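Chain and residue survey
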Amino acid sequence: MSKKKDTVLVSGGAGYIGTHTTVALIEAGYDVVMIDNFSNSEPSAVEGVEKILGRKMTFEECDTCDIKALRGVFERHEFSTVIHFAAYKAVGESMAEPLKYYQNNLVSYMNILQLMKEFGRPNILFSSSATVYGDADVLPVTEQTPRKPATSPYGNTKQIAEDILRDCCAAYEGMYGIALRYFNPVGAHPSALIGELPRGVPNNLLPFVTQTAAGLRECLSVFGNDYDTPDGTCLRDYIDVVDLAKAHVAAVDRMTEGKMEQKYEIFNVGTGRPGSVLELLTRFEKANDLKLPYKIVGRRPGDVPAVWADTAVANKVLGWKAERDLDDTLRAAWAWEKHLRNIK
Ligand code: UFG
């Protein structure tokens, strides 16, 4: 382990990406204060992090929408950098309950920014999404690819939050921001002690796949095979969550080492390789030596046919590259599901 670096506040620290990023930050020599209100996560996730690292973590149960409680966190802990994960993320739910999304995702975010300004904490890393590109005209997408109007309140919160960060970094001398645009995070820690914990029926492909393999779901529905893609199913850029976590470390290094060239920077975080839904299924079956029941059904409203990243900027400027082999990722995802369900 390298020498002690800054302390990072991780909001949504008990979540899927929050736990993996916390592990990567500690392994890189940072200290971490984790906060979460467990609205979409479990205390066992924090225990998983502690088991992997073999140490107790600094954790506070805190709702980032509650500015009084959040102020207490700022008062009690010194940190130079915030990674703000805490947000709702279900596209469909955001269409049905837009206010819930605007309220939670934007109020919590503005509370964080407000307190950072007040307490003079300089660096913020925001979890953005490839959803900001929408149905892009040219693929792969670069950070310069124009954003398309958001097609869901969830997507809109990501666009608005990026704009807020741009404006705050331009206006406030002591504020620096990085937005990481995640493509499709998948997989789990190789220890199988942390991973994704979807509540209810999973919206995303891989958790549905692993739950189907575990027998929790009868059959996986493939949403559409009539897209203008090689096998007719949608193309996505599936990025291993451990690689994604390391991209956060690279971004935090850049901020804390004073290497930012602009006060607000954006990076695509993907592999740069498109993969289809059917490819993912067949590779999952092969990698784990099992058969998945699936059927082709109609398209899911709002899905874009294809999106994958141009990662040249992240590779060059952050010095970060996705490294995990997709088969290992798919084995880790299944190992995590088996761990959750006590399957041997
Ligand atoms: N899919 C299925 N069956 C399922 C679930 C998904 O066929 O049961 C397909 C989808 O139609 C899509 C692909 O698998 O073609 C990936 O779907 P996900 O729901 O896993 O991911 P999305 O690409 O729709 O969305 C993800 C994140 C969003 C983010 C978006 C950005 O969940 O938060 O990527 O591109 F905004």
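Up top is the structure these notes are about.
A brief structural summary. Here the structure is a predicted model, which means the values were calculated and not measured. (Residues numbered from 1 in each chain as written. Predicted model: local features only at pLDDT ≥ 70, side-chain atom pairs only at ≥ 80, totals over all residues. Heavy atoms only, no water.)

Here we come to the packing of helix α7 (residues 205-213) against helix α9 (residues 277-288). A packed helix pair is summarised by two numbers, namely the angle formed by the two axes and the spacing between the axes. In the contact formed by α7 and α9, the axes pass within 11 Å of each other and the chain directions differ by 35 degrees. The handedness of the crossing between α7 and α9 is right-handed. Counted together, Leu205, Leu206, Val209, Thr210 and Ala213 of α7 and Val277, Leu280, Leu281 and Phe284 of α9 form the full contact between these two elements. (Axes fitted to C-alpha atoms, helices over the stretch in contact; angles between N-to-C directions. Helix = DSSP H or I, 4+ residues; strand = E, 2+ residues; numbered from the N terminus. Left-handed = near helix turned anticlockwise from the far one by under 90°. Contact = heavy atoms within 4.5 Å.)

The next point concerns the site of the ligand. What surrounds the ligand is a group of 18 residues, the closest being Asn204, Ser221, Arg236, Arg300 and Asp303. Tyr154 is positioned such that a nitrogen or oxygen atom in its side chain is 3.0 Å from an oxygen atom of the ligand. Here an oxygen atom of the ligand sits 2.8 Å away from a polar atom, N or O, in the side chain of Arg300. Bound to the protein, the ligand loses 90% of the 680 Å² it would expose on its own. Here the shell around the ligand takes four residues from strand β8 (residues 220-223), the largest share from any one element. Residue composition of the shell around the ligand, grouped by class: nine nonpolar, six polar and three charged. (Near = heavy atom within 4 Å. Polar contact = N/O pair within 3.5 Å; in protein donor to acceptor, adjacent residues only side chain to side chain. Areas by Shrake-Rupley, 256 points an atom, 1.4 Å probe, with all protein chains shown as cover. Nonpolar A, V, L, I, M, F, W, Y, C, P; charged D, E, K, R; others polar.)

Further remarks concern the sheet that holds strand β6 (residues 176-182). Ordered in space as β3-β2-β1-β4-β5-β6-β11, the seven strands form an open sheet in which the pairing is parallel. Only two strands of the sheet have a single partner each, and these edge strands are β3 (58-61) and β11 (264-269). Mean inter-strand twist for the sheet, computed between neighbouring axes without regard to direction, equals 20 degrees. Summarising the sheet, strand β5 (residues 123-129) and β6 pair through seven bridges and their orientation is parallel. The partner of Ser127 across the bridge, within β6, is Leu180. Lying over the sheet, helix α1 (residues 16-27) contacts β1 (7-11), β2 (31-36), β4 (81-84) and β6, oriented at roughly 165 degrees with respect to β2. Seen against the sheet, helix α5 (residues 98-119) touches β1, β4 and β5 and runs at an angle of roughly 165 degrees to β5. (Pairing = 2+ DSSP bridges.)

Attention now moves to unusual backbone geometry. A cis amide bond links Leu139 to the next residue, Pro140, at an omega of -5 degrees. Phi is positive for Asp289, close to 55 degrees, though the residue is something other than glycine. Here Asp289 lies in the loop between α9 and β13 (294-297). Asp289 sits in the exposed class, given a relative accessible area of 72%. (Buried < 20%, exposed > 50% of the residue type's maximum accessible area, 1.4 Å probe, protein only.)

Moving on, we come to empty space enclosed by the protein. Over the atoms, a rolled probe matching the size of one water molecule traces out where space is still vacant. Here the structure, examined in full by the defined rule, presents two cavities of 30 Å³ or more. Reported here for the largest cavity is a volume of approximately 90 Å³. Residue lining of the largest cavity: Val186, Gly187, Ala188, Glu196, Pro198, Leu206, Pro207, Thr210, Ala333, Trp336 and Glu337, and that is the complete set. For the lining of the largest cavity, the secondary-structure elements that each account for two or more residues are α7 and α11 (326-341). Among the residues making up the lining of the largest cavity, the classes are represented as seven nonpolar, two polar and two charged. Taken together, His84, Phe85, Ala86, Ala87, Asn105, Leu106, Tyr109, Phe126, Ser127, Thr157, Lys158 and Ala161 form the lining of the second largest cavity. (1 Å grid on protein atoms, 1.4 Å probe; cavity = no way out; pocket = protein on both sides within 12 Å on 5 of 7 lines; lining within 4 Å. Points joined across faces, edges and corners; volume = space filled by probe spheres on them.)

What the second largest pocket holds in volume is close to 310 Å³. Forming the boundary of the second largest pocket are Glu143, Gln144, Arg181, Arg254, Glu261, Gln262, Tyr264, Glu265, Ile266, Phe267, Val313 and Val317. Those elements that provide at least two residues to the lining of the second largest pocket are β11 and α10 (312-318). By residue number, the principal contributor to the lining of the second largest pocket is β11, which donates four residues. Among the residues making up the lining of the second largest pocket, the classes are represented as five nonpolar, two polar and five charged.

Here we take up the pattern of salt bridges. Applying the stated criterion to the full structure yields 26 salt bridges. In this structure, the salt-bridge partner of Lys56 is Glu50, at a minimum N-O distance of 3.6 Å. Note on Glu50: relative accessible area 14%, which makes it buried. Glu118 is paired through a salt bridge with Arg71; the nearest N and O atoms lie 2.4 Å apart. With a gap of 47 residues between them, Glu118 in helix α5 and Arg71 in helix α3 (residues 67-76) connect regions that are remote in the sequence. Relative accessible area serves as the criterion here: at 42%, Glu118 is assigned to the partly exposed category. When salt bridges with common partners are traced through the structure, they connect Arg147, Glu162, Asp163, Arg166, Asp167 and Arg181 into a single cluster. (Salt bridge = Lys/Arg side-chain N within 4 Å of Asp/Glu carboxyl O.)

Moving on, we come to the packing of aromatic side chains. One pass over the full model with this rule turns up seven aromatic pairs. Their ring planes at 75 degrees and their centres at 6.3 Å tell us that Phe284 and Trp334 sit as a pair that is edge-to-face. Placement of the pair is Phe284 in helix α9 and Trp334 in helix α11, with a sequence separation of 50 residues. By relative accessible area, which is 0% here, Phe284 ends up buried. Since its relative accessible area comes to 8%, Trp334 is described here as buried. Of the aromatic side chains, those joined through ring pairs into one cluster are Phe74, Phe79 and Phe119. The cationic tip of Arg121 hangs over the ring face of Phe79; the distance from NZ or CZ to the ring centre is 4.5 Å. (Phe/Tyr/Trp six-rings, centres within 6.5 Å; stacked < 30°, edge-to-face > 60°. Lys NZ or Arg CZ within 6 Å of the ring centre and 35° of its normal.)

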